[in-house]
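# Secondary and tertiary structure notes
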Amino acid sequence: MKNYTANVGGALVLFSSLWGASAFAQNTVDAIDAHLVAARNAAGFDFTGTLARLCVAPAAVPKTLRDVAPGPAPARDTWFIEPAKVFDNLYFVGSKIHSSWALTSSEGIILIDTLWTYNSEEEIVGGLKKLGFDPAKVKYVIISHAHPDHVGGAKLMQDRFGSRIVMGGPDWDSIEKSVNGYPAGKPKRDIVADDGQKITLGDTAVTLIATPGHTPGTLSMIFTVKDNGKPLTVAYSGGTAFNFPSTTANFDTYIKSQNKMAAAAANATVLMSNHSEFDSATTKIRMLASRKPGEPHPFEIGKDAVARYFTVTGECAQAARLKLTQQPQR
Ligand SMILES: [Zn+2]
């Protein structure tokens, strides 16, 4: 009886190991599909840009990122857009594609993200002036992450206006290590952000949330804006696309950060980002221009929608992570 059981057991083990490989593959495909469906349901009509970028065939990225110089400046009409007032105390000084935000306070301005080197002068410095602000009033510049489409104007703000530059430690490191990435010069290491740190200026504060993933030092933020006097909490997502080396460990880090940000954003009713692709900033700013009294603010999407944003990013990352297990690691 003992032998019989052992033999049957052995046969089962053999059978299940042959059958197991394809069952595992099928289970993985089903699991990927489940994450994609969850992301699509969470996106609804609110986050189609984020869904398209993250869930629809995100590119695999090699293990070592290339340290390359930024390309030549594209034609002005591909990026130029006028600045705009968005809330009582928040102004858009970004481009058609990338966002830069000026948060005003009783003691000056906190600038969030700084576009490319080629357009930060006109959009940020020029935009602030057009809006009636003195760019020298920018006391802090918070950089969500050290990619050239967000850190491009940091050196300008530091050199010309003495603005203090705030960035995650690993992203300061990457700037210092880069050989080719900063042909026009690098911002000098200044404030190294701590997780949970508050950048306070007069009556305003921005809480920094370390959300590594998109880059190792990515910062997301929580702050308050006012819409005709009504305070609203903003969740600012600091890094979105999967253009980090495609490893399961990196996806785990990214996913953990989405969950962390979802928790930190529990009271937020506004979701903002540094690319219009993800938060539809330029479209919403156009809508704002024709907003009538009593109509909702296009950026005020509610707690449920803010939570769904981080479900989209997290679920797309889960799907991309599982896809890695289906192919040989590079
Ligand atoms: Zn980036």
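The paragraphs below set out a description of the structure included in this document.

Regular strands have side chains that alternate between both faces of the sheet. By the alternation rule, side chains of strand S12 (residues 270-273) split into Val270 and Met272 and Leu271 and Ser273, which are all buried. Between strand S11 (residues 230-237) and its parallel partner S12, the chain crosses via helix H8 (residues 248-264), and the hand of that crossover is right-handed.

Protein coordination at the zinc ion: the donors are His145 (NE2), His147 (ND1) and His214 (NE2), at 2.0 to 2.1 Å from the metal. For the zinc ion, all donor residues lie on one chain, and their spacing in sequence is H-x1-H-x66-H. Across the pair, exposure class does not vary: His145 and His147 are buried alike.

All right, on to H8 then. Taking 1.5 Å of rise per residue, 17 residues should cover 24 Å, and H8 covers 24 Å from first to last C-alpha, within 8% of that figure. Every buried residue of H8 is accounted for by Phe251, Tyr254, Ile255, Ser257, Gln258 and Met261. For H8, the angular spread of the buried residues around the axis is 160°, confining them to a single face. Opposite the buried face of H8, by more than 90 degrees, sit the exposed residues Lys256 and Ala263. Looking at the buried residues of H8, the elements they touch are helix H2 (48-55), strand S9 (204-210), strand S10 (219-227), S11 and helix H11 (303-326).

By size, the foremost hydrophobic cluster in this structure holds 30 residues, and its most contacted members are Trp101, Phe223 and Met272. With 4 residues, the top contributor of residues to this core is S10. Grouped together as the second largest cluster of nonpolar side chains are 28 residues, Ala42, Phe244, Ile255 and Val312 included.

For helix H7 (residues 169-177), the set of buried residues is Gly169, Asp171, Trp172 and Ile175. The buried side chains of H7 occupy one side of the element, clustering within an arc of 165° when seen end-on. Residues of H7 that are buried make contact with helix H5 (148-151), strand S6 (164-168) and strand S7 (191-193).

On to the packing of aromatic side chains, then. Per the stated rule, a full pass over the model turns up 14 aromatic pairs. A ring pair is formed by Phe92 and Trp101, whose centres lie 5.3 Å apart and whose planes are at 70°; its orientation type is edge-to-face. Like Trp101, Phe92 is buried. Consider the rings of Phe242 and Phe244, whose centres lie 6.0 Å apart with planes at 55°: the pair is tilted. A relative accessible area of 6% means that Phe242 is categorised as buried. Taken together through their ring pairs, the aromatic side chains of Trp79, Phe80, Trp116 and Tyr118 make up a single cluster. The side chain of Arg76 reaches across the aromatic face of Phe80, ending 4.0 Å from its centre.

What follows is about the environment of Pro170. In this fold, Pro170 is placed in helix H7. On the accessibility criterion, Pro170 (37% relative accessible area) is partly exposed. As a C-alpha pair, Pro170 and Pro212 span 42 residues in sequence and 9.3 Å in three-dimensional space. Leave out the neighbours within four places in its chain, and Pro170 touches Pro216 and Gly217.

This brings us to the sheet that holds strand S5 (residues 138-142). Two modes of strand pairing occur in sheets, parallel and antiparallel, and in both the strands are linked by backbone hydrogen bonds. Strands sit in the order S1-S2-S3-S4-S5-S6-S7 across an open sheet of 7 strands; the sheet is mixed. Among the strands making up the open sheet, the edge pair consists of strand S1 (84-87) and S7. Taking the axes of each pair of neighbouring strands and ignoring which way they run, one obtains an average angle of 25° across the sheet. Taken together, the 3 bridges between strand S2 (residues 90-92) and strand S3 (residues 101-105) define a ladder with antiparallel strand orientation. By the bridge assignment for S3, Phe92 is matched with Trp101. Seen against the sheet, H7 touches S6 and S7 and runs at an angle of roughly 105° to S6. Running over the sheet, helix H10 (residues 281-289) touches S1, S2 and S3 and is turned about 90° from S1.

Cut-off values and rules
Residues numbered from 1 in each chain as written. Predicted model: local features only at pLDDT ≥ 70, side-chain atom pairs only at ≥ 80, totals over all residues. Heavy atoms only, no water. Buried < 20%, exposed > 50% of the residue type's maximum accessible area, 1.4 Å probe, protein only. Helix = DSSP H or I, 4+ residues; strand = E, 2+ residues; numbered from the N terminus. Right-handed = clockwise from strand over helix to strand, strands pointing away. Donors = N, O, S within 2.8 Å, 3.2 Å for Na, K, Ca; no water. Expected span 1.5 Å × (residues − 1). Arc of directions from axis to C-beta. Contact = heavy atoms within 4.5 Å. Core = buried A, V, L, I, M, F, W, Y, C linked by side-chain atoms within 4.5 Å. Phe/Tyr/Trp six-rings, centres within 6.5 Å; stacked < 30°, edge-to-face > 60°. Lys NZ or Arg CZ within 6 Å of the ring centre and 35° of its normal. Pairing = 2+ DSSP bridges. Axes fitted to C-alpha atoms, helices over the stretch in contact; angles between N-to-C directions.

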